[in-house]
Amino acid sequence: MVGGLLKQALAAILPGTSLVRLPAAGSSGVALTFDDGPHDRFTPQILDLLDAAGAVASFFVVGSAAKQRPALIREIDARGHQVANHGYRHLNARKVNVDEYVADVARAQELLEDILGHRLERDFRPPYGIITPAAYLALWRKGFRQVYWSVDSLDHSLTDPRAIIDRVDRLTGPGDVVLMHDDYEHTPLALQGVLDRLKQRRLDLRSVSSR
Ligand SMILES: [Zn+2]
């Protein structure tokens, strides 16, 4: 992961400000997370597969996409999943100044809470998994927890559903946070197999914020 050492150091100094794996050690929980949506076709497919499997997940949505599809944001929430923040413009923290970066995250949070009419956990996943020390501290001061992942499904580069299923099954165990995306056609195709495998192993599929 990019900047892993920096994040580890800041996470050690400021406990609870970022998450890579689920905190409850020893539980059977696994969090499936979907980034970069909502997508008109693939997000509803993913919701149907999750619901049929009795699984709950986290959706790290992009504000500009959410603004175009408020009904889909409300549907994710109404079906019991976590709507979470992936920034408004999907910025790279290294390419803009810290004020612009943090304002973009706050803008996405306001939009999502406006659409839903209720407060959300301040869970933010930095686009590309990239953060700077200044942005890390500024987000912490605004009460945001940064949510990373411990298993990358590689659905951004693997397009064969079987390869994604095998990879996630092989790498995922209790406490893992799995990165997937809801803007690729092959991810819903892989998801059924992922759900089958993880459920066979009696893993409890939950969101990052489930308690
Ligand atoms: Zn992203």
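What you see is a predicted model, and the numbers here were worked out from it, not measured in a lab. Counting restarts for each chain: residues are numbered from 1 in the order of the written sequence. Whole-chain, interface and lining totals are the exception, using all residues; otherwise, since this is a predicted model, local features are given only for residues with pLDDT of at least 70 and side-chain atom pairs are given and counted only at 80 or more. Side-chain measures here rest on the full set of heavy atoms in the structure, leaving out hydrogens and waters.

A. Representation of unusual backbone geometry. Following Gly 37, the chain continues to Pro 38 via a peptide bond in cis, the omega torsion being 0°. Secondary structure elements are taken from DSSP: a helix is a run of H or I of four residues or more, a strand is a run of E of two residues or more, and numbering for both begins at the N terminus. By the secondary structure assignment, Pro 38 is in the loop between β2 (29-35) and α2 (42-53). Despite not being glycine, Leu 154 has its phi angle at roughly 60°, a positive value. Within the secondary structure, Leu 154 sits in the loop between β7 (151-152) and α7 (161-171).

B. Looking closely at the side chain of Asp 104. Relative to the elements of secondary structure, Asp 104 occurs in helix α5 (residues 98-116). Exposed residues in this analysis have more than 50% of their type's maximum accessible area, buried residues have under 20%, and partly exposed residues fall in between, with area computed by a 1.4 Å probe over protein chains only. Among the residues examined, Asp 104 registers a relative accessible area of 5% and is labelled buried. Polar contact is defined as a pair of N or O atoms within 3.5 Å, subject to the rule that within protein one atom must be able to donate a hydrogen and the other to accept it, and that residues adjacent in sequence are counted only when both atoms are side-chain atoms. Here the side chain of Asp 104 touches Tyr 88 through a polar contact of 2.8 Å, landing on its backbone nitrogen. By definition in these notes, contact holds between two residues if any of their heavy atoms fall within 4.5 Å. When neighbours within four sequence positions are excluded, Asp 104 is seen to be in contact with Gly 87, Tyr 88, Arg 89, His 90 and Leu 91.

C. Here's a closer look at the pattern of salt bridges. The rule for a salt bridge is simple: a side-chain nitrogen of Lys or Arg has to be within 4 Å of a carboxyl oxygen of Asp or Glu. Within this structure, the stated rule accounts for 14 salt bridges. A salt bridge links Arg 125 to Asp 35; the shortest N-O distance between them is 2.8 Å. Taken together, the residues span a long stretch of sequence, with Arg 125 in the loop between β5 (123-124) and α6 (133-141) and Asp 35 in strand β2 at a distance of 90 residues. Neither Arg 125 nor Asp 35 differs from the other in exposure class; each is buried. Residues Asp 123 and Arg 145 are paired through a salt bridge, measuring 2.9 Å at the closest nitrogen-oxygen approach. Within this pair, whereas Asp 123 is found in strand β5, its partner Arg 145 is found in strand β6 (residues 145-147), the two being separated by 22 residues in sequence.

D. Inspection of the environment of Glu 185 at higher detail. Locating Glu 185 in the fold gives a position in the loop between β8 (177-181) and α8 (186-200). When residues no more than four places from it in sequence are discounted, the contact partners of Glu 185 are Arg 41 and Phe 42.

E. Examining the side chain of His 186 more closely. Among the secondary structure elements, His 186 is positioned in helix α8. Residue classification places His 186 among the buried residues on the basis of a relative accessible area of 12%. Every residue in contact with His 186, bar those within four places of it in the chain, is listed here: Asp 155, Leu 158, Thr 159, Pro 161 and Ile 164.

F. Representation of α7 within the structure. Within α7 the residues assigned to the buried category are Ile 164, Ile 165, Arg 167, Val 168 and Asp 169. Measuring from the side-chain oxygen of the N-cap residue of α7 to the backbone nitrogen of Arg 162 gives 3.0 Å; that N-cap residue is Asp 160.

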